[in-house]
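Next come the chains, spelled out residue by residue.
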Amino acid sequence: MSRCPSANQPFTGTYVIRNLRQEIERAQLLILAEIERRDYDRACCFGIRLALEEALSNAFKHGNGDDPEKTVRLACSISDGKVVIDIEDQGQGFDPGAVPDPTQQENVEIPAGRGLVLMRSFMTDVRIHPPGNRVEMTYLRHPKTA
Amino acid sequence: MSATGSRLRVAEQDGITRIEFVDRNILDEANIQQIGDEISQIIDELESPKLLISFENVDHLSSAALGTLITINNKIRGKDGQLRLANIDPQIYEVFVITKLNKLFEIHDGSEQAIASFS
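Not measured: the values here are computed from a predicted model.

Parameters at a glance
- Residues numbered from 1 in each chain as written.
- Chains lettered and ligands numbered in written order.
- Predicted model: local features only at pLDDT ≥ 70, side-chain atom pairs only at ≥ 80, totals over all residues.
- Heavy atoms only, no water.
- Helix = DSSP H or I, 4+ residues; strand = E, 2+ residues; numbered from the N terminus.
- Rg over C-alpha atoms; globule rule 2.2 N^0.38 Å.
- Buried < 20%, exposed > 50% of the residue type's maximum accessible area, 1.4 Å probe, protein only.
- Contact = heavy atoms within 4.5 Å.
- Lys, Arg positive; Asp, Glu negative; His and termini not counted.
- Charge placed at Lys NZ, Arg CZ, Asp CG, Glu CD.
- Pairing = 2+ DSSP bridges.
- Axes fitted to C-alpha atoms, helices over the stretch in contact; angles between N-to-C directions.

Caption draft 1: Representation of the overall build of chain B in the model. A count of helices and strands for chain B gives four helices and seven strands. Ordering the α and β elements of chain B from the N terminus gives β-β-β-α-β-β-α-β-α-β-α. For chain B, whose C-alpha radius of gyration is 13 Å, the value lies close to the compact-globule estimate of 14 Å for 119 residues. The C-alpha extent of chain B, read off along each of the three principal axes, is 30 × 30 × 25 Å. Counting over 119 residues, chain B shows a buried share of 53%. Of the contacts formed within chain B by residues at least 6 apart in sequence, a portion of 67% connects residues at least 24 apart. One finds the centroid of the 11 positive side-chain charges in chain B at a distance of 4 Å from the centroid of its 19 negative side-chain charges.

Here it is as C-alpha cells:
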C-alpha cells in the first residue's frame, strides 16, 4: 500500500483482500476516510461506499465463488476531483450483457442482480474489462469541468 | 424486543408485527442471511402476516438486503399477508427508486401511516 500524506495530493492504494468481513470493511473505511478528507459530500460518500460494497460482493461471491482460498485485488486512486476504484477477482469473468436487467417489469421480483445497476447509477463510469473479472469504477466530482 | 444474538427488534400490536433492525449498516451477507432467516421464521408462525419493517436507524443497505426483502415480500404474499416499509432515509429510498423496487413495495414515510394502511 502507498499513501500520500497531504489532502491535496492524490492518494493511491492497493490491497489484496480475503473474503473476511473485517478485511473488506478495513479497506472500505480506509478509502472512505480519504474521500471524506477531501470534503466529498455525504451523498457522494454514500454512493461510492455502496458501489464499492456491491463490486466487492460481486467479486467474492460471483467472481471467486466464495472460495476462501481466492483473494480480490482492490486498487484506488483518490484526488480532489476524481475517485477511481479498480477491483479484480480470480474468477473466470462474466459477460455483463448477459445479466438480466432487474429494473425490467418481468425481472423486478427476482431477488438478485441489482449490484451492477447500483454501481452504474452511483458512479460516473463503470467499465468491466474482459474477460469480466475486473471492474473499474470512476466517480468525477465535477463531471463538467474535470 | 431484541432476543440475544438477534439482528432484529420485534414488537407485536393489534395483529401487526413491527420489525426494526439492530444494525445501522445492512451490508454483510452473513448478517443479511440471518435477518432473512429471522423474518422468515416470524412469517412462518403467523397465519396471515401483517409486517411493518421500519428502517429508522439504517444508514446503508446493499443489493443483497434488497434481495432478501423481495424474498420476504414473496413469502408474505404467498400467505395472503401484507408488508409495509417505513422510515427509510432519503438516500436509501433512492436505492429503491433506482432499482424500481419503490413500485414493488408499499413504502410509507412514517410508522403511523404504514400501520393505518393495513387492511
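Caption draft 2: Summary view of the sheet that holds strand E3 (residues 82–88) of chain A. Residues and elements named next belong to chain A. Pairing within the open sheet is antiparallel, and its five strands lie in the order E1-E2-E3-E5-E4. Each edge of the sheet is formed by a strand with only one pairing partner; in this case those strands are strand E1 (11–17) and strand E4 (125–129). Each strand of the sheet is rotated relative to its neighbour by a mean of 10 degrees, with strand direction disregarded. Pairing geometry for E3 and strand E5 (residues 134–140), over seven bridges, is antiparallel.

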